[in-house]
Amino acid sequence: MKSKVITRFPPSPTGYMHIGRARTALFNYIYSRQHEGEMIFRLEDTDSERSKPEYEQDIIDGLKWLGIGWDNTDLIRQSERTQIYQRYLKQLVEAGKAYVSAETNEETGKTNEVVRFKNPNSVIKFTDLIRGEIEFDTTELGDFIIARNIEEPLYHLTVVVDDHEMGITHVIRGEDGISNTPRQILIQEAIGAARPIYAHLPLILAADRSKLSGRHGAVSVREFQQQGYLPEAIINYLALLGWNPGTEQEIFTLSNLIEQFSLEKVQKSGAIFDLEKLKWINREHLGRKTYPELKAIITSFIPEDIKSLPQYTEARLEKAWPILMERLSALHELTELANTGQLQYYFDQPKYDSSLLKTTEHLPEVINLIEQLDDNDFNAENVKNAIWNFATEKGRGEVLWPMRVALSGQEKSPDPFTLAALFGKAETLARLKQAVS
Ligand code: GLU
C-alpha cells in the first residue's frame, strides 16, 4: 500500500506572503488534495531576530484569503519544538555523525561552539519531479554547521527533523531550495529518515527576466487584495506561473485545478510574472460573479463622497455594475474612476463645460423623442430605436455626441443609450434639459 501523501508549506515568517510563497502553498495544497492527502503548515521561525509576528499573521491571512487550507489543527512553530531538535542533535553527536567544534571568529577573536555535521562525502542522487535526475557530490559542502550550539539547532536540521516527524512524503518548494537538498538528504540519512519526493518549482521572474521583487510593483498577496483582485483570480494566475495545461483553457477555479493540474507538467525554466495577464484573468473572474456576490467588495471601493451623491442608491449601483465592470480590471480602479471624475455622473447630474457639448441644436428633438417613450419599457434598445433615424438623418456625431455629453459630462463614457437606460426616463430628460437650459 502506498503511504498517504503529506505535503507541507513551511514559510519562515521573515517576510510577507508574496506571490512566490503563495504559489508554493498552492501547489502543495493542490497536490495534497489530488492525492487525498494532507498539507502541513508550519512556521519556520528559528531565526528569532528576523522572524516577526506581523509576518506570521500576514502569511496566515494570505492563506485564508486565498482559500488555501491546511490540515494541522494547531499552529506549528519551530521555535516551540526546540527540545525535539535537541534530541536529534544529541543523538547525532553521540553516534559520531556530528560533532561540537570550538571555533574562533577571525574578526571578533571570540571562540564559539558550533555543531558540525560529519560529512560522509558521498554522491547524492535524487529525482526531482520537475527537474529529473540530480546528482551532487557533497564533498564540496565540507562538515557544514547544523546547530549554533548543542542547544540551538539551525535550519537544515530543523527542516529535516520536522519533515521526518510529520511524515512528509513530498517536498514541493522553490528552485532556491535545490542547493539545500543535498545537505538535507545527508541529514536524513544520518537520522534514519525516509527521503521525501522532491519537486523544485521554477523561479518567478519579472518581465526583464530578473528575479521578481518589490521593485517590480505589487508582489505581496495583501497588496493584490487591497487593490481589489479576487482571490480566485490570484489562485488562477499563480497556477499558471510555471504550469501550462497544454490546452487553450486559461480560466480555472481551485476545484478545476485540483482536477487538472499536474506537477509533472510544471516547466523548469523561470516563469514570467505578467501583470496584464493577471488583470485579464481577474476581469474574467469578475465577470463570472453575480452582483450580490461582489456587492460588499464593490461597495468597499466606492469612496464616501460618491456614496453621498443624490442619486446614489444600491439599486443604481447594481444597474451600473455591468457597465462599470467593462472598464475595470481590478476593483481598486473604481476608486481611480472616482478620482478622475468618471464615477460621479452615474449618481449625480454631471458638471461640465458647455463647450464640450459642441452643438445643442438637435437636443430639443432628442428630448421630444424620448418624452414619447414608455417609462416602463425604457431600455437601451428602445431609446436607440427612438433616436436612430433622426440621428442618421442629421448626422450621428451631431446628435449622439451632445446627447452623450449631456448624460455623462465626459469626453469618454459609455454610449448614450446605455446611459439613458441606466438613468431612467425622468433622469435622462432632466440631464438633457440641463444641457439646453
Ligand atoms: N522556511 C523556508 C522558507 O521560508 C522554506 C523551507 C523549505 O521549503 O524547505 O524559505
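(A) How the structure looks around unusual backbone geometry. Backbone geometry at N121 places phi at a positive 55°, although glycine is not the residue there. Take N121: it is sitting in the loop between strand 5 (111-117) and strand 6 (123-128). A residue is classified by how much of its surface remains accessible, and N121, at 41% relative accessible area, is partly exposed.

(B) The arrangement of the site of the ligand in detail. Lining the immediate surroundings of the ligand are R8, P10, P11, S12, R21, E44, Y155 and R173. At 2.5 Å from a nitrogen atom of the ligand is found a side-chain nitrogen or oxygen belonging to E44. Protein coverage of the free-state accessible area of the ligand, which is 300 Å², stands at 75%. Among the residues forming the shell around the ligand, the class breakdown is three nonpolar, one polar and four charged.

(C) Just helix 12 (residues 314-325), in detail. For helix 12, which comprises 12 residues, the first-to-last C-alpha distance of 16 Å matches the rise-based estimate of 16 Å (1.5 Å per residue) to within 8%. Taken residue by residue, helix 12 has R316, L317, A320, W321, I323, L324 and M325 as its buried positions. Buried residues belonging to helix 12 abut helix 9 (275-287), helix 10 (291-300), helix 13 (332-339) and helix 17 (416-436).

(D) Examining the pattern of salt bridges more closely. Applying the stated criterion to the full structure yields 27 salt bridges. Where D61 meets R222, a salt bridge forms, and the shortest distance between an N and an O atom there is 2.9 Å. Taken together, the residues span a long stretch of sequence, with D61 in helix 2 (residues 53-66) and R222 in helix 6 (residues 221-226) at a distance of 161 residues. On the basis of relative accessible area, D61 is assigned to the partly exposed category, the value being 28%.

(E) Structural context of the packing of helix 14 (residues 363-371) against helix 15 (residues 380-394). Helix 15 packs onto helix 14 with a crossing angle of 140° between their chain directions and a minimal axis gap of 9 Å. Relative to helix 15, the crossing made by helix 14 is right-handed. Of the residues in helix 15, those in contact with E365, V366, L369 and I370 of helix 14 are V383, A386, I387 and F390. Within the contact of helix 14 with helix 15, the residues separate by chemical class into seven nonpolar, no polar and one charged.

Conventions we followed
Residues numbered from 1 in each chain as written. Predicted model: local features only at pLDDT ≥ 70, side-chain atom pairs only at ≥ 80, totals over all residues. Heavy atoms only, no water. Helix = DSSP H or I, 4+ residues; strand = E, 2+ residues; numbered from the N terminus. Buried < 20%, exposed > 50% of the residue type's maximum accessible area, 1.4 Å probe, protein only. Near = heavy atom within 4 Å. Polar contact = N/O pair within 3.5 Å; in protein donor to acceptor, adjacent residues only side chain to side chain. Areas by Shrake-Rupley, 256 points an atom, 1.4 Å probe, with all protein chains shown as cover. Nonpolar A, V, L, I, M, F, W, Y, C, P; charged D, E, K, R; others polar. Expected span 1.5 Å × (residues − 1). Contact = heavy atoms within 4.5 Å. Salt bridge = Lys/Arg side-chain N within 4 Å of Asp/Glu carboxyl O. Axes fitted to C-alpha atoms, helices over the stretch in contact; angles between N-to-C directions. Left-handed = near helix turned anticlockwise from the far one by under 90°.

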